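If you want the building blocks of each chain, they are given just below.
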Amino acid sequence: MTVPAAIPRVLIVDDNRNFADALVSALRSHGVDAKAAYSGSEGIASALESHPDWIVMDVIMGEIDGVDAAIAICETAPVPRVLLTSGHEDAHRRLAKGSARGHDFELVVKPIQLAWLLQRLRSLDSKQHFHGTARAA
């Protein structure tokens, strides 16, 4: 008898509403419990309230960037797995800021491949909360 896999709860945080909403819609169509937040501060509040399994967060955002928001979440909430996303060259410099504070977040370069993301969200070997390797998806 196989136990059904748990449905991952995912929070998408991106100040590009069209991108965030499209990714939420795509994930939901594949059975993922996904919701969106549209700023770093909204992402922090939503994560503290909903305790997602995963957070997929843009690095480059307005008043609070994705690295600072991820650090704030990790320092005050049950630690979800975090994937930071970006298409900007500045993302690696900002990730270094997180590393200096003891957080090695995984970076996924935009555009995100949906099949890869779905596999990653459902992977059983992803018990590590953070990974130091930057990779393109």
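Residues numbered from 1 in each chain as written. Predicted model: local features only at pLDDT ≥ 70, side-chain atom pairs only at ≥ 80, totals over all residues. Heavy atoms only, no water.

### Quick word on the overall build of the chain
No. 1: Along the chain, the regular secondary structure elements total 5 helices and 6 strands.
No. 2: For the chain, the N- to C-terminal ordering of α and β elements is β-α-β-α-β-α-β-α-β-α-β.
No. 3: The buried share among the 137 residues of the chain stands at 44%.
No. 4: Long-range contacts, defined as pairs at least 24 residues apart, comprise 71% of the intrachain contacts of the chain with a sequence gap of at least 6.
No. 5: Accessible surface, the chain: about 7,100 Å² in total, of which carbon and sulfur atoms supply 53%. (Helix = DSSP H or I, 4+ residues; strand = E, 2+ residues; numbered from the N terminus. Buried < 20%, exposed > 50% of the residue type's maximum accessible area, 1.4 Å probe, protein only. Contact = heavy atoms within 4.5 Å. Areas by Shrake-Rupley, 256 points an atom, 1.4 Å probe, with all protein chains shown as cover.)

### Concerning the nonpolar core
No. 1: Grouped together as the largest cluster of nonpolar side chains are 23 residues, with contacts concentrated most on Ile55, Met57, Leu84 and Phe105.
No. 2: Where this core is concerned, the elements lending two or more residues are β1 (9-13), α2 (40-50), β3 (54-58), α3 (66-76), β4 (81-86) and α4 (91-100).
No. 3: Considering each element in turn, this core owes the most residues, 6 residues, to α3.
No. 4: By size, the runner-up hydrophobic cluster in this structure holds 17 residues, among which are Val32, Tyr38, Leu117 and Leu121. (Core = buried A, V, L, I, M, F, W, Y, C linked by side-chain atoms within 4.5 Å.)

### A few points about unusual backbone geometry
No. 1: Residue Pro111 is reached from Lys110 by a cis peptide bond, and omega for that bond is 5 degrees.
No. 2: One can find Pro111 in the loop between β5 (106-109) and α5 (114-122).
No. 3: With phi around 50 degrees, His51 is a residue other than glycine that occupies positive phi space.
No. 4: Residue position: His51 is located in the loop between α2 and β3.

### Observations regarding the side chain of Arg120
No. 1: The residue Arg120 is located in helix α5 in this model.
No. 2: A distance of 2.8 Å separates a polar atom in the side chain of Arg120 from a polar atom in the side chain of Glu106. (Polar contact = N/O pair within 3.5 Å; in protein donor to acceptor, adjacent residues only side chain to side chain.)

### Section: the environment of Ala36
No. 1: Here Ala36 is to be found in strand β2 (residues 33-37).
No. 2: In sequence terms Ala36 and Val56 are 20 residues apart; their C-alpha atoms lie 9.6 Å from each other.
No. 3: Not counting chain neighbours up to four residues away, the residues in contact with Ala36 comprise Leu11, Ile12, Ala20, Asp21, Val24 and Glu42.

### Here's the deal with the pairing of β3
No. 1: Along β3, 5 of the 5 residues are buried, which leaves the element largely enclosed by surrounding structure.
No. 2: Of the two faces of β3, the one carrying Trp54, Val56 and Asp58 and the one carrying Ile55 and Met57 are both buried.
No. 3: One ladder, built from 4 bridges, connects β1 with β3; its direction is parallel. If you follow Val10 over to β3, its bridge partner there is Trp54.
No. 4: Where β3 and β4 come together, 5 bridges link them in parallel fashion. (Pairing = 2+ DSSP bridges.)

### Points about the environment of Glu106
No. 1: Mapped onto the secondary structure, Glu106 falls in strand β5.
No. 2: Each C-alpha atom, one on Glu106 and one on Leu95, is 8.8 Å from the other, the two residues being 11 residues apart in sequence.

### Things to note about the confidence of the model for the chain
No. 1: Scored by pLDDT, the chain has a mean of 85; 86% of the residues are at 70 or more.
No. 2: Segment residues 125-137: pLDDT under 50, and 36 contacts once partners within four positions in sequence are set aside and those in other chains are kept. (pLDDT = per-residue confidence, 0-100.)

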